[in-house]
Amino acid sequence: MALLTLSSPHAHGPNATSRIMLTVALATLPGLAVMTWFFGPGTLINVILAGLTAVVCEALVLKARKYPVGFFLKDNTALVTGVLLGLALPPLAPWWITVIATAFAIIFAKQIYGGMGNNPFNPAMIGYALVLVSFPVQMTTNWAVSFQMSGSEVAGLTDTLRAIFAGSADVADVYTGATPLDDYKHLISKETSDELLTRATFNGWLNGGWEWMNLAFLAGGVFLMLKRIITWHIPVSMLAALTLCSLVFGWDHDLYTPTWLHLFSGATMLGAFFIATDPVSASTTPKGKLIYGAGIGILLFVIRTWGAYPDAVAFAVLLMNFAAPFIDAYTQPRTYGHSKARRGLKTGK
Amino acid sequence: MSSILIAVIVLAALALLFGALLGFAAVRFKVDGNPIVDQINDLLPQTQCGQCGYPGCKPYAEAIADGDKINKCPPGGESTIDALADLLGVEPEPLDAEHGAEKAVPTVAYIREDECIGCTKCIQACPVDAILGAAKQMHTVITDECTGCDLCVEPCPVDCIDMIPVATDRSNWYWEAPTAGVELIATDRRPATAGGHA
Amino acid sequence: MTHLIQLHEFDGGIHPPENKHQSTGRAIRTAPLPDELVLPLHQHIGAPSRPVVSAGDSVLKGQVIAEPHGFVSAPLHAPTSGVVAAIEDRQVPHASGMSELCIVITPDGKDEWQPHQSLCAELGVDDCDDISAADLVRRIRECGIAGMGGAGFPTSVKLSVGDNRIDTLILNGAECEPYITADDMLMRERARDIVRGAQILLQITAAERCLIGVEDNKPEAIAALEDALLALHEEHHIDVVTIPTKYPSGGEKQLIQILTGREVPSGGIPAHIGIVCQNVGTAAAIADAVDIGRPLISRITTVTGDAVSDKGNWDVLLGTPVSHLLAVSGYQPQKRERVIMGGPMMGFALPTTALPVVKTTNCLLAPTEKELPTNKPSMACIRCGLCAQACPAELLPQQLYWFSKAEEFDKAEQHNIFDCIECGACSYVCPSEIPLVQYYRFAKGAIREEQAAQEKAEQARERFEARIARQEREQAEKEAKRKARAAAAEAAQKAKKAAPAAATDAPAKTAATSSPELEKLQKQLDGAQAALTKTKEKLEAAKADPAMAEKVPVFEAALTKTQDKIKTLAKDIAAAKKAAKAAPAAADDKGDPNSPERLKKKWEMAQGRLDTAIKRLEQAEAEGSDKVEALRDGLEKQKVRVEEARQAWEAATIGQPAANAAAQGTPEPANDDLKRKILAQKDRVDKARERLSMAQAEGLDTVEALTTALSKQQDKLKQLEQQADAAGEV
Ligand code: SF4
Ligand code: SF4
Ligand code: SF4
């Protein structure tokens, strides 16, 4: 009787892609909770909407590609893309922006390249960049302000739903405002740093909601590191590069955004721990990860400081995605028994 | 006036700079390859079977260099055509059936030695001198040298030469690539047995 | 004893569940004798051994039944007394599931040893420490010892370290693979033998120290080894080193790194860095071989997995069928039945249980599906990098996977795929359950195949070019000879002209037939001279005209060539003239293929070929090439040929005068020859007929080919007969 003959190893560890992806999604929960607390239910609705759209789009494409739908949906990668996108979009962004961004991310940025594992760019960030470039107004003005900032209530569920699905301008006007990064960048030329920081947008350290949100994502990221799902390389090198740049160039707070604002405002921590670390499109060698992370940090600072956009995680990540394969080729580790590491992709002797 | 002058000077300087750079790159990264005929010949399988219509691989390589089609070598088959197309920067074409079909498995000649009459005809036919023997002596094939070109089969007056497939043994067996997960599920098969590769 | 050895860590590694306790509960048991022992001739790395017994022979326990063939090879011994039942192809335990030659022995149950003794006794020395390393290695080789950790490299070869100075001997008792406890139990129960083996190995390698590396999950084994060392009562340099448990610390390269911090260079062997590494089981086998002369005929094998009820270690005779061992262990076949030879990380699944235990079988693992689930369908690689973190060779498995899958083998090679030790750590951690190792095996195989094909093509090209060169040379030689003959004829004609009265009929005839050739030769000479003048003119012109300056060397070369040609032609003519003066009758011999001169030449040529063949064989042997066999066969054949040629020549010299006379008188020799040919041909026809009828009877598809062959043979026979008739009439 013929027995099963499979190649070794015959044992397999407990790791599973679907579980890893689910853990990533779960690790965003503290951040999501903080965002909901400070900015209203907008983000929560976005996340649900984006998650749903992502899963539906993925299923449709898989069906069209004649792939087993259930098997691939179970890997949870579409869900993660949707969740991250939902977190990144402005809380009161109209629903169609979320849907367009997510659909584009799944269909074009992921599946067209061959589906999971084959996309050279981070799908969530492609979707984000698309809507940011196409609908700049909606994307920059729909940031909800936290209750501490507005001094009033945070947008309620009905108001939020009206703003997102009916596009009610009145709601948006009441509850939205510029982000701290945006404000600082545009107002610093008119006021001194001290004056600026008394404004409602900033309202002092740990008072605006932004810091809490970033700390929550940091906590989620540390959790992922402890679970060994991500390594320290990319977040640490990215934050270190960002800090260094802002210390070197931005020491004069009357001219440039201060370091703490860089680190704890905008999408910095979400980017560092959840977006830049997307393994598929990032660098994979240890040294490469350091370079990759540092590149994102530097680009982030450059675009935030001198570019047209107040935040730039998406662009910084996408630009480094371009470079990832090249970085990998030049940062191969030294293999056991070799006196030095190989470089590049040349196949000659 | 002066601004135009400055522009011209700057452009000229830039042109010089880039020209120098390009020149340097051309010298520094020059690929000094061997002549094209040798490169082509290196890609041909060296079976020396003459199926391409030339008396051996080298002559065919020369012919290709002179513009002949690249799809006339059956032993090389598709992979050789692709490699040639790559080298020469042309579109790969399907194998020209006129010259024969690609063999499914590599073969070697085997002389049924008790039938051999020692006519030496096969020795004369063998392009790589892989057959041993003298007149009226039994002949035998040095399997390691035989390219499987079939050329000795035809001249044998007593038809005692067979082309037999190269046997797979432990030394040339290897695992075949796993079936990708997608295909497995698509066909609802689980990997019952993982086969080997000859 | 001392544990002051600085341990180093290797990168990566994993901690799979150990699952060792199941099989360490009971002492090693001796497996009952099976009905039949199947001994593959290829149980080690290298060339298969050659049987020295034949079916029907009675053998005693420990008797050599197959000799090593070549340097990297090992002999095989009868594991028990009995009768050789057959020597035939049987399926062997190899991942390919192929069949290879095996010696099958039916035990007689007496288990009767052939006489054997310690090496000391054999050599007759008093102090066993005086035995030379060479003698020890020879004994190890004679006893057929091959690495018992899993790879099966002949130990004697591993101990032949050439010019490398060895400073450290490492005994590998790490046994890092889950489930396997064969070495663990061996260390517990036979620690003394292991220590003795270490001493012998130290004697052979002249190493300064010996380190026995054992993972810290085997405290009993460590204690046993230390007791054995204490019991030595003499100074020694053997240390038991406890190393942290981590897979694959038992990999040779990894263990070396842990214990010494040195890395075996890529493509190199441990001896290059002054280290010899042996498995503890091998050490014990060496002790047996040297001290009692017991060849490697049994080994310790773990039988474990939830599909067997009685898990434990067995002392098994080599050749024992797996099914037998499983049966005595209470094996219950499962759904999705698997039996793995080796451990769960690096072992291979057997295609059937009818395979024998061999020298490298350290474990038989029969897991249930629940215990070791078969891989789920793999998902896409998410480039999570977990594999790279686990890889002990510091490779980038995800990249290797990508390249192997896309068959971009050059890139895979560039990413050092050949440094992969196939440990399986990457597959183990891969969340997408990709069978990474299988991809690497495939890629490695394909790359090797490609390399072999390329080498072969290169060889073919060289041989083809050599042949073309040879043909050209022969052509040239023929041409020269022809010219010489023509010249001779012309000279003869001249001689005739000089003395027309003296001219006899015979030379006139030859001269008449060959004079046109002579003329041709002369004409060639004239032509060459004309060409020479022309070239000279051109050269002058070129020298004068600066525009043509670059052509000067070309013309000069052409000039020298032409001059050379003229010289050779002149020489030819001169030689021909000289030859013509000699008696032209001698030339007649040339026509006869059986003339003594020719035969002698043939003999000499054959002798020459024989010499080259011998040389080639020697070279091949020195290189340990696998062509040796073919060459040896060729050599034998060539020897026969030389002998025949020599005899033919002798016969010809003796019988020549008579034959000559006969040749002039009657056409009989030709007739004789024909007759012989006809007889042979008749024989052949009969043979062909026989074969055809056989094929017809069996309905083989060769019938058609055979029919053609037969008719060809018959045609040939007819032809010969006609010739004979014609000859008879003349
Ligand atoms: S067809 Fe035969 S001779 Fe021609 S290139 Fe191919 S292998 Fe060489
Ligand atoms: S562990 Fe598997 S999924 Fe992760 S990078 Fe390696 S091969 Fe890809
Ligand atoms: S199998 Fe090869 S690539 Fe995978 S972990 Fe082991 S050495 Fe590294």
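Small disclaimer: the values here were computed from a predicted structure and weren't measured.

## Structural notes on the sheet that holds strand E14 (residues 312-317) of chain C
Residues and elements named next belong to chain C.
- With respect to topology, six strands assemble into an open sheet ordered E1-E14-E13-E17-E15-E16, the strand pairing being mixed. At either end of the open sheet lies a strand with only one pairing partner, and these are strand E1 (29-30) and strand E16 (348-349).
- In the sheet, strand E13 (residues 298-304) pairs with strand E17 (residues 363-365) via three bridges, with the strands oriented parallel. Note that in E17 the partner of Thr302 across the bridge is Cys363.

## Quick look at the interface of chain A and chain C
- Taken together, the contact between chain A and chain C spans 46 residues of the former and 65 residues of the latter.
- When the buried surface of chain A facing chain C is broken down by residue, Leu3, His10 and Tyr336 of chain A rank first, second and third, together holding 18% of it.
- A salt bridge links Arg334 of chain A to Glu263 of chain C; the nearest nitrogen and oxygen atoms lie 2.8 Å apart.
- At the boundary of chain A with chain C, the tally comes to 28 residue pairs in polar contact (both at pLDDT 80 or more).
- Top element by residues in the side of chain A that touches chain C is helix H1 (residues 17-27) of chain A. It accounts for three residues.

## What to know about helix H15 (residues 233-249) of chain A
- A rise of 1.5 Å per residue sets the reference length of H15 of chain A, with its 17 residues, at 24 Å; its end C-alpha atoms lie 24 Å apart and thus fit the reference within 8%.
- Those residues of H15 of chain A hidden inside the fold are in contact with helix H16 (259-264), helix H17 (268-275) and helix H18 (286-306) of chain A.

## Focus: the side chain of Glu433 of chain C
- Along the chain, the position of Glu433 of chain C falls in the loop between helix H13 (425-429) and helix H14 (436-498).
- Beyond its immediate chain neighbours, meaning those up to four positions away, Glu433 of chain C contacts His12 of chain A together with Asn375, Lys376 and Ser378 of chain C.

## Concerning the site of ligand 3
Residues and elements named next belong to chain C.
- Lining the immediate surroundings of ligand 3 are 13 residues, of which Cys391, Cys420, Cys423, Gly424 and Cys426 lie closest.
- Among the secondary structure elements, those contributing two or more residues to the shell around ligand 3 are H13 and H14.
- Looking at the shell around ligand 3, its residues break down into 11 nonpolar, one polar and one charged.

## Thoughts on the site of ligand 2
- Looking at ligand 2, the residues that line it are Cys381, Ile382, Arg383, Cys384, Gly385, Cys387, Gln398, Cys430, Pro431 and Leu436 of chain C.
- Within the shell around ligand 2, the residues separate by chemical class into seven nonpolar, two polar and one charged.

## What to know about the side chain of His94 of chain C
- The topology assignment puts His94 of chain C in the loop between strand E7 (82-91) and strand E8 (99-107).
- On the basis of relative accessible area, His94 of chain C is assigned to the buried category, the value being 18%.
- Polar contacts involving the side chain of His94 of chain C include one to the side chain of Ser96 of chain C, which spans 2.6 Å.
- Leave out the neighbours within four places in its chain, and His94 of chain C touches Arg170 and Trp173 of chain B together with Phe348 of chain C.

## Focus: the environment of Ala31 of chain C
Residue and element names in this part refer to chain C.
- Residue placement: Ala31 occurs in the loop between E1 and strand E2 (37-40).
- Between the alpha carbons of Ala31 and Arg461 there is a distance of 56 Å; along the sequence they are 430 residues apart.
- Residues within four places of Ala31 in sequence aside, it is in contact with Trp314, Asp315, Val316 and Leu325.

## Overview of the sheet that holds strand E3 (residues 50-51) of chain C
All names here are of chain C.
- Overall, antiparallel pairing links the three strands, which are arranged E3-E5-E6 in an open sheet. Two strands bound the open sheet, and with one partner strand each, they are E3 and strand E6 (76-77).
- As paired strands, E3 and strand E5 (residues 64-67) are joined by two bridges and run antiparallel to one another. Residue pairing for E5: Pro51 is matched across the bridge by Ala66.

## Observations regarding helix H5 (residues 77-88) of chain A
Residues and elements named next belong to chain A.
- In this model H5 runs 17 Å from its N-terminal to its C-terminal C-alpha over 12 residues, within 8% of the 16 Å that 1.5 Å per residue would give.
- Burial analysis of H5 places 11 of its 12 residues in the buried class, the great majority of the element.
- All buried positions along H5 are accounted for by Thr77, Ala78, Val80, Thr81, Gly82, Val83, Leu84, Leu85, Gly86, Leu87 and Ala88.

## Looking at the pairing of E13 of chain C
Residue and element names in this part refer to chain C.
- Among the seven residues that make up E13, seven are buried, leaving the element largely enclosed by the rest of the structure.
- Where burial is concerned, the two faces of E13 agree: the one with Ser298, Ile300, Thr302 and Thr304 and the one with Arg299, Thr301 and Val303 are both buried.
- In this structure, E13 lies alongside E14, joined through six bridges in antiparallel fashion. Among the inter-strand pairings, Val303 is bridged to a residue of E14, identified as Gly312.

## A short note on the environment of Ser54 of chain C
Residues and elements named next belong to chain C.
- Among the structural elements, Ser54 can be located in the loop between E3 and strand E4 (58-59).
- Measuring from C-alpha to C-alpha, the distance between Ser54 and Leu211 comes to 44 Å, with 157 residues separating the pair along the chain.
- Setting aside residues no more than four positions away along its own chain, Ser54 makes contact with Val84 and Ile87.

## Side note on the packing of aromatic side chains
- Enumeration according to the criterion identifies 18 aromatic pairs over all chains in this entry.
- Look at Phe301 of chain A and Trp306 of chain A: their rings are 5.8 Å apart centre to centre, the planes differ by 90 degrees, and that puts the pair in the edge-to-face class.
- The exposure class assigned to Phe301 of chain A is buried, which follows from its relative accessible area of 1%.
- With centroids separated by 5.2 Å and ring planes inclined at 45 degrees, the aromatic side chains of Tyr309 of chain A and Phe315 of chain A adopt a geometry described as tilted.
- An aromatic cluster is built from Phe249, Tyr256, Phe301 and Trp306 of chain A, whose rings are joined through pairwise contacts.
- Cation over ring: Arg65 of chain A sits above Tyr67 of chain A, and NZ or CZ is 4.6 Å from the ring centre.
- Positioned above the aromatic ring of Phe10 of chain C is the side chain of Lys246 of chain C, whose terminal nitrogen or guanidinium carbon lies 4.4 Å from the ring centre.

About the thresholds
- Residues numbered from 1 in each chain as written.
- Chains lettered and ligands numbered in written order.
- Predicted model: local features only at pLDDT ≥ 70, side-chain atom pairs only at ≥ 80, totals over all residues.
- Heavy atoms only, no water.
- Pairing = 2+ DSSP bridges.
- Helix = DSSP H or I, 4+ residues; strand = E, 2+ residues; numbered from the N terminus.
- Contact = heavy atoms within 4.5 Å.
- Buried area = accessible area lost by both parts, 1.4 Å probe.
- Salt bridge = Lys/Arg side-chain N within 4 Å of Asp/Glu carboxyl O.
- Polar contact = N/O pair within 3.5 Å; in protein donor to acceptor, adjacent residues only side chain to side chain.
- Expected span 1.5 Å × (residues − 1).
- Near = heavy atom within 4 Å.
- Nonpolar A, V, L, I, M, F, W, Y, C, P; charged D, E, K, R; others polar.
- Buried < 20%, exposed > 50% of the residue type's maximum accessible area, 1.4 Å probe, protein only.
- Phe/Tyr/Trp six-rings, centres within 6.5 Å; stacked < 30°, edge-to-face > 60°.
- Lys NZ or Arg CZ within 6 Å of the ring centre and 35° of its normal.

Taken by themselves, the reported measurements are silent on function.
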